[in-house]
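Residue strings, one per chain:
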Amino acid sequence: MVSLLAWFALPFVALTLYRGYTFIHYYRIARALGIPIIITPISWQDDVWLLTWDNFKWIKRLPNFLSWWFEYSRFSWTQDHRWLPHEKYGDIFVICSPLGNEIMVNDPQACYDVQAHYKQWIKPQSLYDIFETFGRGVISANGDDWQRQRRIINPAFRESVHTSVWDESVKQATQMLEVRMNQHGGRGTIDEVRKDSVLIALHVLSSAGFGHTHDFSGGLRQVPEGHKKSFSESLMYLLSNILIVFLFDKIKPLAWMRPWKAVEIKDTVTEFRGYMKETVAYSRATTQGGGGGQANDIVGALIDADEAAKREEKIAPNSGYGGKPMHLTDDELYGNLYVFNLAGFETTANALTYTMPFLARNPEIQAWVGEEIDRVTNTGSQKEWTYEAAFPSLVRCLAVMVSELILSILHQLTHHQYETLRLWGPTPDVCRGAAGESQIIHVNGQDVVVPAGVYVSANFYGVHSDPRWWGKDSLEWNPKRWISVDPKTGQESIAQTPNGIPFLAWSIGPRICPGKKFSQVEFVAVISTVLKSYRIKPWIMGKMTTEEQARDALLEVVYDSENIITPKMRRPQDAGIMFVER
Ligand code: HEM
């Protein structure tokens, strides 16, 4: 019996000893940095902990001397705590665990440097592998590889694509409203709002991104011939299981332990690859065999640019990047299409989902945005509700988006304990690592030498909400702060950030999100289409009897969010909104 127990205990003892050894190793590195250190016995860098952290929340209830580390051991703790730990530990500190070191930075200039100087600060491969199920795309590439891919990708986000984004977004939002009004009396839970937003974003991406147009009802939810799953089901599965898909690929014994899951993953990956292959074949056929330069969807434009790179290669065979061909390999092409799919719908769908409850709670902001929409509509004809005529004038709608991404949750910090909150911008913090042997980071006059292998995370949420940069009212949800008025012409535009601090929601520098304008156009088109004809109110549902309760319920479901790739509400079915005709 004793020897059996010893057998079972052996792996744990061995792991503890090993982790003890690695902790000493990493602690020495942390000490040499010369910045405050927070120690944690485990961290999100352990895949098992990453997947199981949620089950250990009871640790938070233990006395502080037992639980101090717990919050720092999870991925994106910045979603809840934002800049507050920096008040205690300073604008730069390191979280040291037996799995490695992660430096957290809240200094705006240092965050800018780490994001913008992409040659000195590279994306850690181990963190970006999860995007490579179908091949290495631009999001996970570094150095010459990244430069070559980005050069081909940039022209794919051309103005003609934005025109398609606008047209399709207006169409989808109009159809969504018709369905809501005719079939659901204008009402919907936030869960339904999320599903509607996902469908709008998927259809816009499918049309403007991939050249396939669908109606709001049906479309990507249907299973076409030759497929077992719909496009949207396959993509949603891959997105919500992104880590598990990656782990099954990396740790082969997992497939023996859970064979049914392995089959499910393999089938979905095959399905999705099939959809991407069909899209590429369709695009190649419809863009004059590629290279025509006429495409106004992203894949068509990408294939155009790729064909142009191939032609350049023939003319100047030695001009490639680091000896590699200038065009995309098939794996890279599919890797990029997958990333466009993931990054292209989830982020914008999330922005729309989190905006609706806030608009419902703030009728005065709706009136303010509505005023602008009326002005734009009245100065032209309905015919001119186009990207070119309307989008540039709808700056208040855009201000709602920008504010939503960085300020909405903070509104609640004034009313509730910050620990209970969940932020919903797509990336609470973004990680980089030093290229070469080491790089220097400057924070408040201190030079910190960061060796390769140490993660450096720019705390986006911290920088975006720290009262030092945003003033005492940094916790107010106030889209109006984003509008500046030209005193001579009275023209409104998006204001600069206070104190010139960088705005990081789409990242910054050469690696800035290539879909930034795509997402802005989509957001503005959807919100303005809704507010052109409707006002949004809290839905008095279930046992609620007053509008006040419905308003409160919206707030409660919004701040009861968790982080699954991006922030997600845990119980969106518990509150709702109503569209009411103006
Ligand atoms: C609200 C909407 C969006 C936000 C806030 C957002 C934010 C971001 C951020 C922060 C990054 C940098 C990530 C990192 O450094 O790891 C990024 C990169 C990227 N995004 Fe977006 N994004 C949005 C929409 C889109 C859309 C609509 C697309 C495409 C259709 C897209 C495609 C990409 C790609 C391909 C990259 C990688 C760029 C590179 O590494 O060079 N994003 N995005």
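Analysis parameters
Residue positions within a chain follow its written sequence, with the count starting from 1. Restriction of local features to residues with pLDDT of at least 70 applies here, the model being predicted, together with a cutoff of 80 or more for giving and counting side-chain atom pairs; totals for whole chains, interfaces and linings are based on all residues. The side-chain numbers reported here are obtained from all heavy atoms of the structure, hydrogens and water having been left aside. Throughout, the edges of the domains are those of an automatic or database domain assignment. Note on contacts: a residue pair qualifies if any of its non-hydrogen atoms lie within 4.5 Å across the two residues. Simply put, the buried area is the total loss of 1.4 Å probe accessible area from both parts when two parts are fitted together. Here, a salt bridge means any Lys or Arg side-chain nitrogen found within 4 Å of an Asp or Glu carboxyl oxygen. Identification of polar contacts relies on pairs of N or O atoms within 3.5 Å, with a donor-acceptor requirement for protein atoms, meaning one able to donate a hydrogen and the other able to accept it, and with residues adjacent in sequence counted only if both atoms are side-chain atoms. Helix numbering and strand numbering both begin at the N terminus, where a helix is a DSSP run of H or I of at least 4 residues and a strand a DSSP run of E of at least 2. Each residue gets one of three labels, nonpolar for Ala, Val, Leu, Ile, Met, Phe, Trp, Tyr, Cys and Pro, charged for Asp, Glu, Lys and Arg, and polar for the others, Gly among them. Only nitrogen, oxygen and sulfur atoms count as donors, using a 2.8 Å cut-off from the metal that widens to 3.2 Å for Na, K and Ca. Water is left out, so coordination shells may look unfilled. What makes two strands pair is DSSP finding at least two bridges between them. Note on geometry: axes are lines fitted to C-alpha atoms, helical ones only across the stretch in contact, with angles between N-to-C directions running from 0 to 180 degrees. Any two of the Phe, Tyr and Trp rings considered here, Trp counted by its six-membered ring, make a pair once their centres fall within 6.5 Å; the pair's planes then place it as stacked at under 30 degrees, edge-to-face at over 60, or tilted in between. Buried means the residue's accessible area, taken with a 1.4 Å probe over protein chains only, is under 20% of the maximum for its type, while exposed means over 50%, and partly exposed covers the values in between. Only lysine NZ and arginine CZ atoms are considered, and such an atom sits over a ring when it is within 6 Å of the ring centre and within 35 degrees of the ring normal. In a left-handed crossing the near helix is turned counterclockwise from the far helix by less than a right angle, and in a right-handed crossing that turn is clockwise. Any angle that falls under 35 degrees is termed roughly parallel, while one over 145 is termed roughly antiparallel, one within 65 to 115 roughly perpendicular, and all others oblique. Near residues are defined by distance, with any heavy atom within 4 Å of the molecule or strand qualifying the residue. UniProt positions are given in the numbering used here, feature names are shortened, and annotations may be inferred rather than shown by experiment.

A few points about the domain arrangement of the protein chain
Here is step 1: The assigned domain composition of the protein chain is domain 1 (2-136) and domain 2 (146-408 + 477-581).
Here is step 2: The distance between the C-alpha centroids of domain 1 and domain 2 comes to 31 Å.
Here is step 3: In this complex, domain 1 contributes 23 residues to the contact, which on the side of domain 2 involves 36 residues.
Here is step 4: Taking both sides of the interface into account, the surface hidden between domain 1 and domain 2 amounts to around 2500 Å²; carbon and sulfur atoms contribute 66%.
Here is step 5: When the area that domain 1 buries against domain 2 is broken down by residue, the three leading residues are Tyr-118, Ile-130 and Phe-134, summing to 30%.
Here is step 6: At the boundary of domain 1 with domain 2, the tally comes to 1 salt bridge.
Here is step 7: Measuring nitrogen to oxygen at the nearest pair gives 3.3 Å for the salt bridge that ties Lys-250 to Asp-47.
Here is step 8: Counting across the interface, domain 1 meets domain 2 through 3 residue pairs in polar contact (both at pLDDT 80 or more).
Here is step 9: Of all elements in the fold, only helix H2 (47-52) and helix H6 (108-116) reach the threshold of two or more residues within the side of domain 1 that touches domain 2.
Here is step 10: Top element by residues in the side of domain 1 that touches domain 2 is H6. It accounts for 5 residues.
Here is step 11: Across the side of domain 1 that touches domain 2, the residue classes break down as 10 nonpolar, 5 polar and 8 charged.

Considerations on the coordination of the iron atom of the ligand
The textbook angles at a metal center are 109.5 degrees for a tetrahedron of four donors and 90 or 180 degrees for an octahedron of six.
Here is step 1: Protein coordination of the iron atom of the ligand is limited to a single donor, Cys-513 (SG), which sits 2.3 Å from the metal.
Here is step 2: Relative to the helices and strands, Cys-513 resides in the loop between strand S11 (492-494) and helix H23 (516-533).

Here we look at the sheet that holds strand S9 (residues 455-458)
Here is step 1: Read across the open sheet, the 6 strands follow the order S1-S2-S3-S9-S6-S4; overall the sheet is mixed. A strand with exactly one partner marks an edge of an open sheet, and here the two such strands are strand S1 (37-39) and strand S4 (121-122).
Here is step 2: Bridge count between S1 and strand S2 (residues 92-97): 3 bridges; the pairing is parallel. Residue Ile-39 lies in a different strand from S2, and its bridge partner there is Cys-96.

So, the sheet that holds strand S5 (residues 187-189)
Here is step 1: Across the sheet, 3 strands lie side by side as S5-S15-S12; this open sheet has antiparallel pairing. Edge strands, defined here as strands with exactly one partner in the open sheet, are S5 and strand S12 (534-538). Taken over all neighbouring pairs, the strand axes of this sheet differ in orientation by 25° on average, direction set aside.
Here is step 2: Bridge count for S5 against strand S15 (residues 576-581) is 3 bridges, and the pairing is antiparallel. Paired with Thr-189 across the two strands is Gly-576, which belongs to S15.

Details of the packing of aromatic side chains
Here is step 1: Inspection of the entire model under this criterion finds 28 aromatic pairs.
Here is step 2: When the ring of Tyr-72 is compared with that of Trp-77, the centres are 5.3 Å apart and the planes differ by 75°; the resulting orientation is edge-to-face. Here Tyr-72 matches Trp-77 in class, with each residue buried.
Here is step 3: Taken together, the ring pairs in this structure connect Trp-49, Trp-53, Phe-56, Trp-58, Trp-69 and Phe-70 into an aromatic cluster.
Here is step 4: In this arrangement the basic side chain of Lys-229 is found over the ring face of Tyr-237, its NZ or CZ atom lying 4.6 Å from the centre.
Here is step 5: Between the NZ or CZ atom of Lys-532 and the centre of the ring of Trp-385, over which it lies, the distance is 4.6 Å.

Focus: the packing of helix H10 (residues 190-209) against helix H16 (residues 330-361)
Here is step 1: Two numbers describe how H10 lies on H16: the axes approach to 8 Å, and their chain directions differ by 145°. You can see that H10 and H16 cross each other, and the crossing is right-handed. Contacts between H10 and H16 involve Ile-190, Val-193, Arg-194, Ser-197, Val-198, Ala-201, Leu-202 and Leu-205 on the former and, on the latter, Phe-340, Asn-341, Gly-344, Phe-345, Glu-346, Ala-349, Asn-350, Leu-352, Thr-353, Met-356 and Pro-357.
Here is step 2: The residue makeup of the contact of H10 with H16, split by class, is 12 nonpolar, 5 polar and 2 charged.

Details of the packing of helix H11 (residues 231-240) against helix H14 (residues 259-286)
Packed helices, taken two at a time, are described by their axes: the angle between them and the distance between them.
Here is step 1: One way to put it is that H11 packs onto H14 with a least axis distance of 9 Å and a crossing angle of 125°. The angle between the axes of H11 and H14 places the two elements in the oblique class. You can see that H11 and H14 cross each other, and the crossing is left-handed. Contacts from Phe-231, Ser-234, Leu-235, Tyr-237 and Leu-238 of H11 reach H14 at Lys-261, Glu-264, Ile-265, Thr-268, Val-269, Glu-271, Phe-272 and Tyr-275.
Here is step 2: Considered class by class, the residues forming the contact of H11 with H14 number 8 nonpolar, 2 polar and 3 charged.

As for the site of the ligand
Here is step 1: The full set close to the ligand counts 28 residues, and Tyr-128, Trp-146, Arg-150, Arg-432 and Cys-513 are the nearest of them.
Here is step 2: One nitrogen or oxygen atom from the side chain of Tyr-128 is found 2.5 Å from an oxygen atom belonging to the ligand.
Here is step 3: The separation between an oxygen atom of the ligand and a polar side-chain atom of Trp-146 is 2.8 Å.
Here is step 4: For the shell around the ligand, the elements supplying multiple residues, two or more each, are helix H8 (143-153), H16, strand S6 (430-434) and H23.
Here is step 5: The dominant element in the shell around the ligand, judged by the number of residues it contributes, is H16, at 6 residues.

Regarding the UniProt feature "binding site: heme" (unreviewed entry) in the protein chain
Here is step 1: Taken from the UniProt record, the annotation "binding site: heme" (unreviewed entry) applies to Cys-513.
Here is step 2: Setting aside chain neighbours within four positions, we find Cys-513 in contact with Arg-150 and Trp-506.

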